[in-house]
Each structure stands twice: as structure tokens, then as C-alpha cells.
Amino acid sequence: MLAQQIVNGLMLGAIYMLMAVAFTLAIGVLNFLNFSLPGLFMLGGMLAYGFITLGFPVIFAFAAALAAAALVSLLVERFAYRPMQGGDPEVPLVSSLGFLVLLENLMLIYFGSDQQAFPALVPDLNLRFGGLVIGIAQLGSLVLSVLLVLWLSWFLSSTSTGRCIRTVAESRDTAVLMGIDTGRLVPLLFIASALLAAIAGLLFAVNYQQVSPFMGEGVGFKGVAAMIVGGMGSIWGAVLGGLLIGLAEVLSITFIGADVVNITVYGLLLLILIVRPQGLIGRPATREKL
Amino acid sequence: MSGYLTGVLVVLAFNVMAAYAVYLPLAAGQLNLGIAGFMAIGAYASAFLTNEYAWPMWAAIPVGSALAGLTGLVIGIPVLRTHGIYLAMATFALGQVISAIFLNLEVVGGAAGYPVSDYVGPNGVFLAAAGVVVLMLYLSRTRFALYLTAVKSDPTVADLLGVSVRGIQVAAFALGAAVAGFGGAFYAHHYNFVEAQHFNVLLSVFTVLYVLFGGTQTVWGPLVGAAFFTLAPELLRASDQWRYALFAIFIIVFMAIRPEGLVTTSLLRFRRRKNTDGAAAASSEAA
Amino acid sequence: MTAALSIQGLTKSFAGVRAIRDLSFEVPKGVTTALIGPNGAGKTTVFNLVSGVYGVDAGTITVNGVDVTHMPSRKRIGTGIARSFQNIRLMAHLTVLENMLVGQHVRNASLGALLTPYRLFPNHRWKVEAREALAESGLEAWADETVGALPYGVRKRIDLVRATLAGASLLMLDEPAAGLNPSETNALREHLKVLMGKGITLLVVEHDMHFVNSICQNVVVLNFGEKIAEGPLSKVRQDQKVREAYIGSEEA
């Protein structure tokens, strides 16, 4: 029973992990808490559902949903991020929330507010190890998520573009002085984080076989929590945080009850913020110079 | 006044109180994304005291407000050690935890909600909101408001000039929480029903949205922001299902054009100067 | 008579690098003192240690006879020490007058003062006092402007006036003449002389040696965080170590 719940927790955690990595890219490099990401998560699931119901092949539906999310993310960059440079840090946050509300309501207008049943795309096969039952879709999602994060981590540490991104994360000014073209990198980062969020949305839809215009909120906010628990700006922090939050959620539903999920998950976040604000894996901030 | 108009104005009054609860800490540079939690404390506390102990409302409402403020004070002290996005997320988590606790408290009805017996009419709500606005106007004329901006603008220098940065921040946070609790208590008694689900993240987030829309540089910003956010969707009612989408587009475009919000210090100063210039011209003509 | 500022054995490292080592000097009351040295010698670090922006690793700092070494930075202004900033630190969203009011805080720190609605009174004594201080420096015309948009020279002087409003007996000025044109520098010199006439002790970090020569009676020379010479400028100038320290740098 416990082992089975741990497996389920890790599966859910993989989704949170992808969301947390998406948030951490935006925060760590651009210092932007991008609240449109839950909207892009939802867009991934909802649009894939929409294209499939219109009769498109599944692969095409997935690709179209991802492309749409990337495109919307570029709009977020143009209207929520770019005009706000040098202003109060809360303002881009508000604009990105505006995008979340916009996306949710556009989907609401088209699909209605009800939960829609996402078709079962993966045969309902289960693997059994001893007493453990693991669905093929679950396992596939977990493997895909882990591979994505591994690839991203490799990309950031081993390619020249990755090194440029890390330089921007260290100091925007230094990056500009070194001749790094931030005008090209920033949209790239927006696309990358949008794709991560939308893939998480697709995996969620495939795994739990349901989509709705508001599916992004709960998952998105827990993704933020996961990012902070692990340590903002750190990919491995996001991985650790995602898995922890997933476990905390599943275990508290199983052993205490569904209504206490927010107490355990956000209580954990609050505790971390008070005891160790930089997160489990993260560097503490230093005091400014005069 | 028609029932519809009264209903809209009551919502406006609640939004104004919530807006100032967010504004106070925000003026000191602290984003509170958990304001709904503090409203819930005020609402449940006042409801509980009137229902179970037959307290009169004039005693229960201030106690509810004070409890929310006290929670803000006790939790604000450790939480305000964090800054920026960390603080925003800590308050966000706090709001979630508080409303989840009420969701699980069977003594106040749990997930089924909690009926409240004592009723406050629309005029009482208007009076409460007016009281909050007057208090804010008063504070905006004091050194306290000056230090809020100073602490936001340059905490290091404010500290070296002897201003207790932590003290100002905790005070702003706790006072904001008390204002939220005050509004929450009136909410409970006006609608005669509270449920934890009402005090959710989106309530907190939307409040922040209209405070930033109105602008945090002056004390008028939150009032204007709350008024616009309450009334504009009503005016857009004709295009019913599109109204929130249109509204969101408007917010995005507006913030891109005017990130400092609608009402700014320079806007007010410009108006004042025009007035005094006009007065000077009039007096010279008279002479 | 106790010194306005007394520093004994001051030591500070950043990430293992010694920024200040075993530094000792005194600023007697009424003796305008300059802290000079090549770039990176640790002059601003001394200011930051004295005002409490950083904690010390070793040594003691005494202001007007009060040991402030481990006093929280916020409380040090109460011992009679105030400072200006190398890269002017004014509150950009406040007006000039409001910046002055923040400067007065330490003398009006009660809860009653905090909650007095002074803005309702056009001639409240705080405003009058702040306007007078601005007028002394010829800055009264800017009183109601927002600080952010003002010219550099004006902001520089506002930073100085704000420091004086704390009522401090010891002022630490970090490069007060940097970036000023000759007439602004003259105005600054006159202003500082007025302050000295009021009995305020000045400790100045400055690169302009003519300026130092015209107002300072004593000079402390730092290099690599150590004191290499001390005395009147004319004497210090002849010092071999000082000459070596400055070789190759434009202040020689």
C-alpha cells in the first residue's frame, strides 16, 4: 500500500517537476515569476483535446498544441515581460496573470467550463512488480519527464547556448558586455519554458484522462511551490521539489484525506520559506553593496 | 437605489477594503498574495463569536479584525525575513494553508460552509469601507506613509537613517491583515454565510491585480483600481461570456503601456500645479 | 576629550580576501579629516564598517565615546554619526522635501511623531526646518520635485543636506566633490565650511587633493586596507610609501 502510493506520488511529482523546471527557467534566468505558465500547461492539454476531437491524428494534435503554447509564450514575452524592464517586479507578474485569465476564458468560451474526457491513447496495460501496479502511461510520462530534464541539464552545461544562458542568469549586464545577444536568448527561453509547461499539460491529460479550462491553476501553483521548496533557479532543486510535493500530496490524500492536501503541501512550502528561504538546494542571497 | 445597483456597490465596498489590505504592505514593497486567508480569519472569527457566544457584532467584528492582524503580526515576523518573490510565495502559501484549515474545521461547518445569524445591511458595509478609506487617507498624511515609500525605495539607506525597516514592514503587513479581517467580518455578516472555498488564491490574486492597476504610488490608486475592476465587468455585461477575456486583454495592454498604474504621484502633482497656476492667474487678473 | 571617531585594530575580509587589516586612527572633534588612497584601498569599506552596513571581523569602533562595534546599523545614527553615499542614495519616488523628512527621522522617532498627520499642515515645523536646510544650500527651488529626475550635482548636494538633518555631530562624506563642476565644488566647499563652523566634525573620502587641501587639517592614507601614513597633507605628500602607492594612478 505505502509503496504503491509512493509510486503514484512520484508519477504526479514528475508533472510538478516539469512545471517547476519551467518556472525555474523563467525565474533563474529572467527573474520573472511567469504566471502564464499554468495557462500554457492548460493550453497543452486543452488544445490537444480539441484537435483530437476535430479528428486530427494524435501526433499532429500534440505538435499543434505545443506550437500554439510556444506562440502564446512569445506574446507573453512581448506584452508582459519586455515593456516592464526596470520597473517594479510585481508588474510583469500581474500581466502574466492577465494572460492566465485570458487563456482560461478563451477556452471557457469555446469548450465550456466542464471537465472534458480526454481519450485513452495508451493501452491500459499495467506492469506488476510484486504487489506494485504501474501503468504504462504513468511509466512513460515519468521516463519522458526525467529524460527531458536530463537533456536540459546537459544542454545548459555543455552547449555554447547553454553557457550563454547561464551567463545571463549570473548577471544580465556582464552578458551584454560579453556580447551575448540577449534579444535572441530571451524569446528562446520563453519558448523553452512554454514547451515544458505544455508537455506537462499533455502528460497530465494522457495520464489522468481529463482536461478543463482551469486544470492549470492547481498544478501550476504546486509547480511554483515545488520550485521554491527545491531552490529557485536550480534545475535539480526543481526535480527534488516536484517529487517531494507530489509525494506529500498523494500520501496526505491516502492517509489523512483529500481536504488536507493544501495544508500539507503549502504548509511544507511555508515551513521551507521560514526555515530555509533559499530552498533545499540553493544559494542564500548576499547583502547588497553600497 | 435598485437592488442590482446596491448589490454592485456592496461588492465595490468589499473590494475597496481588500484593496487597501493589499496596498499597505505593497507600498512598502511587499507583495501579499495571501490576503484572502486574513479575510477568512476575520469572517470566521466574527461569525463564530456571534453565533456560538451571542456576542454583539460591534464587539465581534473588531475582534475578528484584530485576530487577523495578530496572525499577520505573529506570522509576519518570520515570513518577512524573506524578500521579493520569496515573500510573495510565502504569503501565497500562507493564504492557502489558512483557507485549507477552515475547510477542515468542523466546528465552523468544514467544507459545507457556515451560516451566520447576525446581519449587516448595505449601509453598514458602505460605512465600514468609508471608515477604511478615511483611515488610509489619514495614514497617507503621516510619516508612516512616508517611511513605507522610503523602505520600498531603499531599505539599506532607510535603515542607516535610523528607520526600523523591519518594524515598518511588519506594521504594514499586520495592519493590512487587520484591514482584510475587518472586511472579511463584514462579508460574513452581510451575506450571512461563509465558506472556505470563497477565500481562495484567485481572490487574493485579483485584489493584487486591481491594486497594481490603480497604482501604488498614491493612496488613491487602490480606490480607483477597485472601482474600475468592480464596475467595468458590469458595463461589459452585454458581451457576457467575452467580458473576462476582453477584460484580461485590457489589463495586459494597459500594464504594457502604463506599468506604474493609473494614478501616479506625478499625475496628482500635475493637476495640483495646474490648479495653483490657475489660481495665480486669477489673482493677478483681479489685481 | 573623547574623539568623534576612534577606530582600533579594525579588520575585515570578504571571501578570504583582506579588505581592511589592523586599521587604527582617530578623528578628534572639530578636526576635519580626509581618508585618501588609491582606488580599492578600502576607504568606502571603512565607511560601511563604521555605519554598520558590514559587521567587523576584529577591532573596535567608537563614536563620541560610545562603542558601536556590535550595535545594529539602524541605531548608530543615534550616537551622532551620519553619512552620505558615493553613488547617491536618495529615495527616487519621494520628493526632495520628503527625503529631508526621512533624514529627520532619528530626531523624531516616537510613535506620536510617526502618526502625526504633518501633511495636513502647510507650515508644519518639520517642513519649515527642511526648507530652511535646503535654502542654506540654495536648493529650496527643488523642494517639491521628485528626486529621480534631478541633475547629478543637485542630487549630490541633496544627499549631503539629508545627512546633516539627522543632527549628527560627525558626518562621513563619501566623495562629495566627485562629478561636480568647479562652481559646484566651490559651493560645496562653502557649505562644508558652514557645517564646520557649527561644530560638526567631517570625515571625507575624496580624490580631489586641492579640495582636501582646502578643508582638511588631517589626512589618513590607506593602501590595500592598511594605514600607510597620517598627518597634514603637506607632510603626507612627502612620504615615500604614499608616493609609491600612488605611482601609476592618476591621483599622483
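Preceding this paragraph is the structure being described.
Nothing here was measured: the structure is a model prediction, and the numbers come from that model. (Residues numbered from 1 in each chain as written. Chains lettered and ligands numbered in written order. Predicted model: local features only at pLDDT ≥ 70, side-chain atom pairs only at ≥ 80, totals over all residues. Heavy atoms only, no water.)

A. A look at the sheet that holds strand β3 (residues 33–36) of chain C. Residue and element names in this part refer to chain C. Across the sheet, six strands lie side by side as β6-β7-β8-β3-β9-β10; this open sheet has mixed pairing. Each edge of the open sheet carries a strand with a single partner, namely β6 (81–83) and β10 (226–231). Between one strand axis and the next, the sheet turns through 20° on average, direction left out of account. As judged from the three bridges shared by β3 and strand β8 (residues 201–205), these two strands associate in the parallel manner. Looking at β8, one finds that leucine 35 is bridged to valine 205. Sheet strands touched by helix α6 (residues 152–164): β6 and β7 (170–174). Its angle to β7, the strand with the most contacts, is close to 160°. (Pairing = 2+ DSSP bridges. Helix = DSSP H or I, 4+ residues; strand = E, 2+ residues; numbered from the N terminus. Axes fitted to C-alpha atoms, helices over the stretch in contact; angles between N-to-C directions. Contact = heavy atoms within 4.5 Å.)

B. Examining the pairing of strand β9 (residues 218–223) of chain C more closely. All names here are of chain C. Across the six residues of β9, six count as buried, placing the element largely inside the fold. Residues Asn218, Val220 and Leu222 of β9 are buried on one face, and the alternating residues Val219, Val221 and Asn223, pointing to the opposite face, are buried as well. Pairing of β3 with β9 involves four bridges; the strand directions are parallel. Bridge pairing in β9 places leucine 35 opposite valine 220. Both β9 and β10 contribute to a ladder of five bridges, which runs antiparallel. Across the sheet, leucine 222 pairs through a bridge with lysine 227, a residue of β10. Hairpin connection, β9 to β10: the antiparallel pair is bridged by two residues, and phenylalanine 224 has positive phi, about 50°. (Buried < 20%, exposed > 50% of the residue type's maximum accessible area, 1.4 Å probe, protein only.)

C. How the structure looks around the packing of helix α1 (residues 3–27) of chain B against helix α8 (residues 165–191) of chain B. Residue and element names in this part refer to chain B. Look at α1 against α8: their axes get within 6 Å of each other, and the N-to-C directions meet at 165°. Between α1 and α8, the crossing angle belongs to the class labelled roughly antiparallel. α8 is crossed by α1, and the crossing has left-handed handedness. Counting all contacts with α1, which are made through Val10, Val11, Phe14, Met17, Ala21, Leu24 and Pro25, the residues of α8 involved are Ala172, Phe173, Leu175, Gly176, Val179, Ala180, Phe182, Gly183, Phe186, Tyr187, His190 and Tyr191. In terms of residue class, the contact of α1 with α8 is built from 16 nonpolar, three polar and no charged. (Parallel < 35°, antiparallel > 145°, perpendicular 65-115°, else oblique. Left-handed = near helix turned anticlockwise from the far one by under 90°. Nonpolar A, V, L, I, M, F, W, Y, C, P; charged D, E, K, R; others polar.)

D. Focus on the sheet that holds strand β1 (residues 5–14) of chain C. Residue and element names in this part refer to chain C. Pairing within the open sheet is antiparallel, and its four strands lie in the order β2-β1-β4-β5. Pairing within the sheet leaves two strands with one partner each, and these edge strands are β2 (17–27) and β5 (66–67). Where β1 lies against β2, seven bridges are found, and the strand directions are antiparallel. Opposite serine 6, over in β2, you have glutamate 26 as the bridge partner.

E. Geometry of helix α6 (residues 160–170) of chain A. All names here are of chain A. Taken together, the buried positions of α6 are occupied by Gly162, Ile165 and Val168. The arc that holds every buried residue of α6, seen down its axis, measures 120°, which confines them to one face. Residues of α6 that are buried sit in contact with α1 (2–30), α5 (136–158), α7 (172–177) and α8 (182–208). (Arc of directions from axis to C-beta.)

F. Local environment of the packing of aromatic side chains. Counted according to the given criterion, the structure contains 36 aromatic pairs over all chains. Judged by centre distance (5.4 Å) and plane angle (35°), the rings of phenylalanine 32 of chain A and tyrosine 81 of chain A are tilted. Taken as a pair, phenylalanine 32 of chain A in the loop between α1 and α2 (37–53) and tyrosine 81 of chain A in helix α3 (residues 58–81) lie far apart in primary sequence, 49 residues in all. For the ring pair phenylalanine 51 of chain A and phenylalanine 60 of chain A, a centre distance of 6.4 Å and an interplane angle of 75° mean the geometry is edge-to-face. We classify phenylalanine 51 of chain A as partly exposed; its relative accessible area is 22%. Residue phenylalanine 60 of chain A is classed as partly exposed on the basis of its relative accessible area of 41%. In textbook terms, an aromatic cluster arises when at least three aromatic residues are bridged by ring pairs, as seen for Tyr210, Phe213, Phe228, Phe229, Phe247, Phe250 and Phe254 of chain B. The ring of phenylalanine 79 of chain A has arginine 78 of chain A sitting right over it, with the charged end atom 5.5 Å from the ring centre. Over the aromatic face of tryptophan 126 of chain C sits the side chain of arginine 143 of chain B, whose NZ or CZ is 4.1 Å from the ring centroid. (Phe/Tyr/Trp six-rings, centres within 6.5 Å; stacked < 30°, edge-to-face > 60°. Lys NZ or Arg CZ within 6 Å of the ring centre and 35° of its normal.)

Just geometry here; none of it tells us what the structure is for.
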